[in-house]
Each structure stands twice: as structure tokens, then as C-alpha cells.
Amino acid sequence: MRRFGDRRDGTLLRDIDSMHLFMPLMYPNRCDNEAFIAERICLTNVDRYLEQKNAGDPAYRYNLFQVMVTALLKTITLRPKMNYFIANQSMYRRNEVTAAFTIKKIFSDGGGEALAFLHARPDDTIDTIHDEIYRQVSYCRSDRKDASTAGMDMVQKVPRFLLKPIGFAARFLDRHGWMPKSIIATDPYQASVVLTNLGSIRLHAGYHHLTNWGTNSVFCVIGERKLRPFTDDDGTVRMLSSVDLGLTIDERLADGYYYSRTVQLLRRLLEEPELLDRPLSEAVEY
């Protein structure tokens, strides 16, 4: 039941320790509290898994991006502090697990973009997420506009002298969780995790900032797939297909040990992707 102090999108954390109670007061801006984690993932098992998933030749093939989205959603589901956020100098637990990403309508300099937003359920698996991504990609690449883009288009028509007051009002509403739901329905910075697939445009993974706007506390950059050297326990070096990930997180939410364990879980899911066939809420040993 919603209590005084709760937001529409999150529940106020009332039983946190004193350090995490005071940190948002001392360090109020999300952009001032970013921590960056770089990970390199061998794709040998993922490639074998995708080959098996696509053996039946589905109309919309399973791919690396879908594996990454599902692995991150399962990680956040099983590591609940990764779904906390800080707004208006208070810490909240998000009411649902969500993921967002930008879709390029056409791969050209003038090609437009659209926003995709996934709402995960505890019983979701890679199969249901695969289907939802297909639905969203198809929608975004049509002539229709997502809700947040449509809202921005409306503001674009406002006289320029009104833009600054509108911006001030929007930030105030966002800080208190009062922005109309229709306007931020597909705003990526309201999601548990934002992903950008730079490998699809042949770029390396790297750092991507968080924003003070919205509630997003985790950003994942997926780099270009390449052959890279891996060393076995006996010292043998092999060139294997791999991908680099860049994770930016709000360090105020948890301590380093919690983040380390979270990355261990993410690695386990990507090293044994068959675990993604199980519901997001099903526990995993790691």
C-alpha cells in the first residue's frame, strides 16, 4: 500500500543505515556519484547458445543484444539494490524492473531514432523478452512515434521564450515524481537500466554518463564483437570472440562488495546463458 513519502514509481526506503540516509544529502547529484566498471566477456558459450536457439529458424532470430538485455534484467531482479534510485535527496526502491534503449530507424546520418521501453515480469524468460523486443523494434521502425518523442515534439512547437520556464517546471516535477506518466512513458532515464549497443555501429565500449534527470542508476554500453586474447589456466593464449561492456552505476546505492557480487552474477549468466531460459526471479548460484 502506498504511504506518505512514496512516489508513483518507487517506494521510499525507511529502514536504511545512516550512511545511505545521509549520502544523498551530502552528494545530491547523480552525475557526481558515477562509478565505472569495465568487463570483457568471452562469447564462446553465448554463440553456441544462440546457434541452438536459432536452429528452428525463427522469424525473428535470437541475437547477442537480447541475451544482454535478459541477463541484465535477471541480474537486477536478483540483486534488488541495483533497482534503487535517489530522487529529491531520498532513496527509493523502484516498483518494477525495466530496461530502455534507443532504436535507429535507418542506419544513415539522417536516420531518425525512437525510444523502446521494456517492463519485465518475474516470470519472464529470454523467450518472452525476445518477443517483446521484436514488437518494440517493429513499432519503433514504423511511422508511429513513441510517447516520449511525441511529447517532445509538442514542446518543440512552444514559443522559445517559454522553453526555460517549461524546463524549470519539468525538472521540479521530475524531482518529485510528478511528471505525467504519458510524457515519460518511454523516457529511457526512467528505467532500471539503459543499454546502448555501440557494437551495432562498430564502436568500442566505453563510459556513458548518468543524468540528474530521471531515476536511472545503471547504464550499460555494449561494444563491438572482436577476437581478443584469453589466457587459460596453463598459460595457453587463445584468440576468442568477445565483447567489452561498460557499466556506469550510481555508487550511492550500495558498497563495492555488493557491486562486485552483482558483476559476478552477470558474468555467470553470460557464461552459462541457458540460465536465461528460466524465469528472471529464479535464483542462481554464483
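These remarks concern the structure in this document.

Cut-offs used in this document
- Residues numbered from 1 in each chain as written.
- Predicted model: local features only at pLDDT ≥ 70, side-chain atom pairs only at ≥ 80, totals over all residues.
- Heavy atoms only, no water.
- Helix = DSSP H or I, 4+ residues; strand = E, 2+ residues; numbered from the N terminus.
- Polar contact = N/O pair within 3.5 Å; in protein donor to acceptor, adjacent residues only side chain to side chain.
- Contact = heavy atoms within 4.5 Å.
- Pairing = 2+ DSSP bridges.
- Axes fitted to C-alpha atoms, helices over the stretch in contact; angles between N-to-C directions.
- Buried < 20%, exposed > 50% of the residue type's maximum accessible area, 1.4 Å probe, protein only.
- Core = buried A, V, L, I, M, F, W, Y, C linked by side-chain atoms within 4.5 Å.

### Points about the side chain of Glu 39
Within the secondary structure, Glu 39 is located in strand E2 (residues 34-42). Within the structure, Glu 39 has its side chain in polar contact with the side chain of Arg 267 (distance 2.4 Å). With residues near it in sequence (within four places) discarded, Glu 39 still touches Val 243, Asp 244, Leu 245, Val 263 and Arg 267.

### Considerations on the sheet that holds strand E3 (residues 84-87)
Strand order in the open sheet formed by three strands is E1-E4-E3, with antiparallel pairing between adjacent strands. A strand with exactly one partner marks an edge of an open sheet, and here the two such strands are strand E1 (10-12) and E3. Between one strand axis and the next, the sheet turns by 40 degrees as a mean value, whatever way the strands run. Bridge count for E1 against strand E4 (residues 90-94) is three bridges, and the pairing is antiparallel. Directly across from Thr 11, in E4, lies its bridge partner Arg 93.

### A few points about the pairing of E3
Side-chain alternation along E3 places Tyr 84 and Ile 86 on one buried face and Phe 85 and Ala 87 on a second face that is also buried. From the end of E3 to the start of E4, which pair antiparallel, there are two residues, and Asn 88 there has a positive phi angle of about 55 degrees.

### Structural notes on the nonpolar core
Ranked by internal contacts, the top residues of the largest apolar core, which has 55 residues, are Val 69 and Leu 195. Of the residues forming this core, the biggest block, nine residues, is contributed by helix H3 (residues 64-78). For Leu 195, the residues in contact, after removing those within four places along its chain, are Phe 65, Met 68, Val 69, Leu 72, Ala 99, Ala 100, Phe 101, Thr 102, Cys 220 and Ile 222. Within the second largest apolar cluster, five residues are counted, among which are Val 194, Leu 198, Leu 210 and Phe 219.

Scope: geometric values only; no functional claims are made or implied.
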